Amino acid sequence: MERRDVVIVGGGPAGSTLAWALRGSGLAVSVLDRRHFPRDKTCAGWITPAVVRELALDVQDYRRDGRVLQPINGFRVGVIGAGELASDHGAEPVSFGIRRSEFDAYLLGRCGAELYTGAPLAKLCRDGADWIVNDTLRTPLVVGAGGHYCPVARMLGEGRGETVVAAQEIEFELSPAQQARCPVRGTEPRLYFCADLKGYGWVFRKGEWLNVGLGREDPHRLGAHVEAFRARLVRDGVLPADTPVRFKGHAYLLYDHAPRPLIGDGIVLVGDAAGLAYTRSGEGIRPAVESALLAARVIRAARDDVRPARLAPYVSAMEARFGRRAARDVVPPPPSRLRQALGRYLLGTRWFTRRVVTERWFLHRQQAALSL
Ligand SMILES: Cc1cc2nc3c(=O)[nH]c(=O)nc-3n(C[C@H](O)[C@H](O)[C@H](O)COP(=O)(O)OP(=O)(O)OC[C@H]3O[C@@H](n4cnc5c(N)ncnc54)[C@H](O)[C@@H]3O)c2cc1C
């Protein structure tokens, strides 16, 4: 059986960033993912400039071979069915649109670790202080980076009774005729909040691709909400009438009240496996990347002594960065009718949609990028 210092389960942004951040550490790192790359991931594919900096993305190199990196300079924000307000954030891009199939394959390909793709985690057993992975790899440290349904997080007993954000999206290539008619500009994605403020939908154009979706922290009748949103956009001329109707679904947890641990004995969870998406926007790529960078610092320092006490600085670093989580399982009640009405009113004002919704909630401008 071969020995590795770290085995990372999952090669999405969290797993690949961790492997990349451990390159040159002298640690033998393997990443295994159940899928072959490039692979699709249900996601709008919006990243903030902080992610570009934290990943030290070479933008020219990334764009080579036709990868999409759509600059975003403004937004249109409103409530579904009540119109939107535009805000222009200037010439310097405030975000980028990527396609997850391209982005994730690029990050994994450059990470420098030994890769096993098409290789699901099927078996994880304890043997003394080591883990035995799929009967083939022995390691003192397993990192759960397998996304919301990560089997390592499940092994820690997570996944039951959680209040998830359930979301559905579709990404499709616009035909030349659809491109000519589509009023959505790549530089200006659209965000449409649900009238009950339990979620929001988006229409996001990335070059010749259009991504449409809706997520709610309330899984009941999600399909009906998505279909009503799609039909409304078609009626309003925002979407072509022949937009595909088969949306794909996925789930994730919001950081503030996700009841998942960050560490176990010889275990670290990063990204969606730990339930880290920003509570207001649901942005999960930046927290996935940042958790991986913070975990890498602690793993480098711990070397092969990965007992919980040595991994605890990861928990402190995450709390310093993202705040202390509320008590386990405490999910705030849905907004009252009065708060919903106030919210709808605010979403009709320029100040709120620009300063609060886009700059604070979605762009997280108040928080500088992590230094490497
Ligand atoms: C509809 C939707 C839209 C979203 N839009 C955005 C957005 O625009 N911007 C943003 O920042 N965030 C967005 N998010 C959240 C974002 O997609 C996630 O937060 C992000 O992908 C988390 O990265 P990760 O690496 O932790 O997990 P993932 O990206 O889910 O990667 C996990 C990897 O683990 C692998 N894996 C799973 N199980 C196993 C197993 N048993 N064995 C081996 N490998 C396994 C998977 O194949 C996958 O490659 C969205 C989410 C949804 C659902």
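Note that this is a predicted model, so its numbers are computed, not measured. (Residues numbered from 1 in each chain as written. Predicted model: local features only at pLDDT ≥ 70, side-chain atom pairs only at ≥ 80, totals over all residues. Heavy atoms only, no water.)

A. Structural context of the domain arrangement of the protein. We note that the domain assignment places domain 1 (2–45 + 99–160 + 254–322) and domain 2 (165–252 + 335–362) within the protein. A C-alpha centroid distance of 30 Å is found between domain 1 and domain 2. Taken together, the contact pairs 17 residues of domain 1 with 17 residues of domain 2. Interface area for domain 1 against domain 2, summed over the two sides, is near 1600 Å², with a carbon-plus-sulfur share of 54%. Our count for the contact surface shared by domain 1 and domain 2 stands at two salt bridges. Here Lys248 ties to Asp40 by a salt bridge, and the two come within 3.4 Å at their closest N and O atoms. Remark: the boundary between domain 1 and domain 2 carries eight residue pairs in polar contact (both at pLDDT 80 or more). Within the side of domain 1 that touches domain 2, the residues separate by chemical class into five nonpolar, six polar and six charged. (Domains from an automatic or database assignment. Contact = heavy atoms within 4.5 Å. Buried area = accessible area lost by both parts, 1.4 Å probe. Salt bridge = Lys/Arg side-chain N within 4 Å of Asp/Glu carboxyl O. Polar contact = N/O pair within 3.5 Å; in protein donor to acceptor, adjacent residues only side chain to side chain. Nonpolar A, V, L, I, M, F, W, Y, C, P; charged D, E, K, R; others polar.)

B. Molecular detail of the side chain of His364. Examined against the element boundaries, His364 turns out to sit in the segment after helix H11 (350–362). What His364 contacts, discounting residues up to four positions off in sequence, is Tyr278, Glu283, Arg286 and Glu359. (Helix = DSSP H or I, 4+ residues; strand = E, 2+ residues; numbered from the N terminus.)

C. The arrangement of the site of the ligand in detail. The environment of the ligand is made up of 37 residues, and the closest members are Asp33, Arg100, Leu121, Asp272 and Ile285. A distance of 2.9 Å separates an oxygen atom of the ligand from a polar side-chain atom of Arg39. Interatomic distance of 3.0 Å between a backbone N/O atom of Ala44 and a nitrogen atom of the ligand. Compared with its free state, where it exposes 1000 Å², the ligand has 94% of that area covered by protein. Counting residues per element, the ones that place at least two in the shell around the ligand are helix H1 (13–21), strand S3 (29–33), strand S14 (165–173), strand S18 (248–252) and helix H8 (285–302). Looking at the shell around the ligand residue by residue, the class counts come to 18 nonpolar, 10 polar and nine charged. Counting only domains with at least three residues in the shell around the ligand, you end up with domain 1 (2–45 + 99–160 + 254–322) and domain 2 (165–252 + 335–362). (Near = heavy atom within 4 Å. Areas by Shrake-Rupley, 256 points an atom, 1.4 Å probe, with all protein chains shown as cover.)

D. Here's a closer look at the nonpolar core. Counting 72 residues, the largest nonpolar core has Ile8, Leu18, Phe103, Val143, Val268, Ile299 and Tyr314 as the members making the most contacts within it. Ranked by residues supplied to this core, first place goes to H8 with 11 residues. Those residues in contact with Tyr314 that sit more than four places away from it in its chain are Leu262, Ile263, Val268, Leu269, Val270, Ser291, Leu294, Ala295 and Val298. (Core = buried A, V, L, I, M, F, W, Y, C linked by side-chain atoms within 4.5 Å. Buried < 20%, exposed > 50% of the residue type's maximum accessible area, 1.4 Å probe, protein only.)

E. Layout of the sheet that holds strand S15 (residues 190–193). Overall, mixed pairing links the seven strands, which are arranged S7-S6-S15-S16-S17-S14-S18 in an open sheet. Of all strands in the sheet, those bounded by a partner on one side alone are strand S7 (84–88) and S18. Here the average twist between neighbouring strands, direction ignored, is 20°. Pairing of strand S6 (residues 74–79) with S15, which is carried by four bridges, proceeds in the parallel orientation. The residue bridging Gly78 from the neighbouring strand is Tyr192, located in S15. Across the sheet, H11 lies against S6, S7, S15 and strand S16 (199–206), angled at about 65° from S7, the strand it touches most. (Pairing = 2+ DSSP bridges. Axes fitted to C-alpha atoms, helices over the stretch in contact; angles between N-to-C directions.)

F. How the structure looks around the packing of aromatic side chains. Within this structure, the stated rule accounts for 14 aromatic pairs. Look at Phe193 and Tyr200: their rings are 5.7 Å apart centre to centre, the planes differ by 40°, and that puts the pair in the tilted class. Residues Tyr255 and Phe322 carry aromatic rings whose centres are separated by 5.4 Å and whose planes lie at 40° to one another, so their mutual orientation is tilted. One end of the pair, Tyr255, is in the loop between S18 and strand S19 (263–264); the other, Phe322, is in helix H9 (residues 308–322), and 67 residues separate them in sequence. Of the two residues, Tyr255 and Phe322, both sit in the buried class. Connected via pairs of aromatic rings, a cluster forms that spans Trp46, Phe75, Phe193, Tyr200, Trp202, Phe204 and Phe362. Above the plane of the ring of Tyr62 lies Arg67, whose end atom (NZ or CZ) is 5.6 Å from the centre. (Phe/Tyr/Trp six-rings, centres within 6.5 Å; stacked < 30°, edge-to-face > 60°. Lys NZ or Arg CZ within 6 Å of the ring centre and 35° of its normal.)

G. Region of interest: the pairing of strand S11 (residues 130–133). With burial as the criterion, each face of S11 is covered, one bearing Asp130 and Ile132 and the other bearing Trp131 and Val133. Inspection of the sheet shows strand S10 (residues 124–127) paired to S11 by four bridges, in the antiparallel sense. By the bridge assignment, Leu124 is partnered in S11 with Val133. Connecting S10 to the antiparallel partner S11 that follows it, the hairpin turn spans two residues, and Gly128 within it adopts a positive phi of roughly 65°. As paired elements, S11 and strand S12 (residues 137–139) share three bridges and run antiparallel to each other. Residue pairing for S12: Ile132 is matched across the bridge by Arg138. Taken together, S11 and the strand that follows it, S12, pair antiparallel across an intervening segment of three residues, in which Asn134 is found at a positive phi of about 50°.

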